[in-house]
Amino acid sequence: MGKESKISGTGGKAAGPAPKAKKPGGRKGGSKGETKGAALQFLEYYYPIHYKAGIALEDALRGGTLSRHQVAILWLIHSEGRDGRAMNRKAIERSLSAWFEISGAAITKALRAMAQPPLSLVRLEEDPRSGREKIVTLTAKGEAHLEKMIGSGEAYVQRIIDNMSEEEIVQGLHFFRRISEIVDTLR
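Conventions and cut-offs
Residues numbered from 1 in each chain as written. Predicted model: local features only at pLDDT ≥ 70, side-chain atom pairs only at ≥ 80, totals over all residues. Heavy atoms only, no water. Pairing = 2+ DSSP bridges. Helix = DSSP H or I, 4+ residues; strand = E, 2+ residues; numbered from the N terminus. Axes fitted to C-alpha atoms, helices over the stretch in contact; angles between N-to-C directions. Parallel < 35°, antiparallel > 145°, perpendicular 65-115°, else oblique. Contact = heavy atoms within 4.5 Å. Patch = residues over 30% accessible without salt bridge, like charges linked within 9 Å, V, L, I, M, F, W, Y side chains within 5 Å. Areas by Shrake-Rupley, 256 points an atom, 1.4 Å probe, with all protein chains shown as cover. Salt bridge = Lys/Arg side-chain N within 4 Å of Asp/Glu carboxyl O.

A description of the pairing of strand 3 (residues 130-138) should follow, citing residues and the corresponding values.
Here strand 1 (residues 86-88) runs beside strand 3; their pairing, made up of 3 bridges, is antiparallel. Bridged to Asn88 within strand 3 is Ile135. Examined bridge by bridge, strand 2 (residues 122-127) and strand 3 share 6 bridges and lie antiparallel to one another. Pairing of Glu126 across the sheet is with Lys134, part of strand 3.

Please provide a residue-by-residue account of the packing of helix 3 (residues 68-80) against helix 6 (residues 140-161), values included.
Contact geometry for helix 3 and helix 6: axes closest at 11 Å, N-to-C directions at 100°. In this view, helix 3 runs roughly perpendicular relative to helix 6, as classed from their interaxial angle. Taking contact as the criterion, the partners of Val71, Leu74, Trp75 and His78 in helix 3 are, on helix 6, His145, Leu146, Met149 and Ile150.

Residues and numbers for the sheet that holds strand 1, please.
Across the sheet, which stays open at both edges, the 3 strands sit in the order 1-3-2 with antiparallel pairing between neighbours. On the outer flanks of this sheet lie strand 1 and strand 2, each paired with one strand and no other. The average angle at which neighbouring strand axes cross in this sheet is 25°, direction not considered. On the sheet, helix 4 (residues 89-99) packs against strand 1 and strand 3 and is oriented at approximately 80° with respect to strand 1.

Would you mind going over a nonpolar patch on the surface in detail, with residue names and values included?
Nonpolar side chains collect at one region of the surface, where Phe42, Phe175, Phe176, Ile179, Ile182, Val183 and Leu186 lie side by side and expose about 670 Å² of accessible area between them. A per-element tally of the nonpolar patch places helix 7 (residues 166-186) first, with 6 residues. Along the polypeptide, Ile179 turns up in helix 7.

From the geometry alone we can't say anything about function, so treat these as descriptive.
Shown next as structure tokens:
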């Protein structure tokens, strides 16, 4: 537990220790001393983590069955949909378009494949408020698949945090929450 690892930055150089964290309530933007070069260090950690850990986590969620886009659709329905079960197709398209370079036609294709056998994970129904709009709803099979998918993702992340101290886990969760909050304000 509590092992320290070096994460490669760009060019294969090992990244140095992370800058000391500011005390809560400190001046936004930080002082020149402790945080000088922090943006570049964040970038050099983030980019490889995004691809190494992010893609590996995505692969665990895919389970060899779904495309990256289909996993993202299921995750959106789970995290932002009504009762974690249904979501307006246009809302899915807006979110996916912000995450991927993807066309509406590609989203339609992904949804149709998810609605038909052998997957049969979602139902596409006409929105009663608009004949042109569709509601995407998880089927019972879709709910079971989503549960299994989340379990696979959780198991992958568990393998990572098994190598961290309790303090590192708490700090990591805090860090991810703060990054998410800040990114939401930058849009």
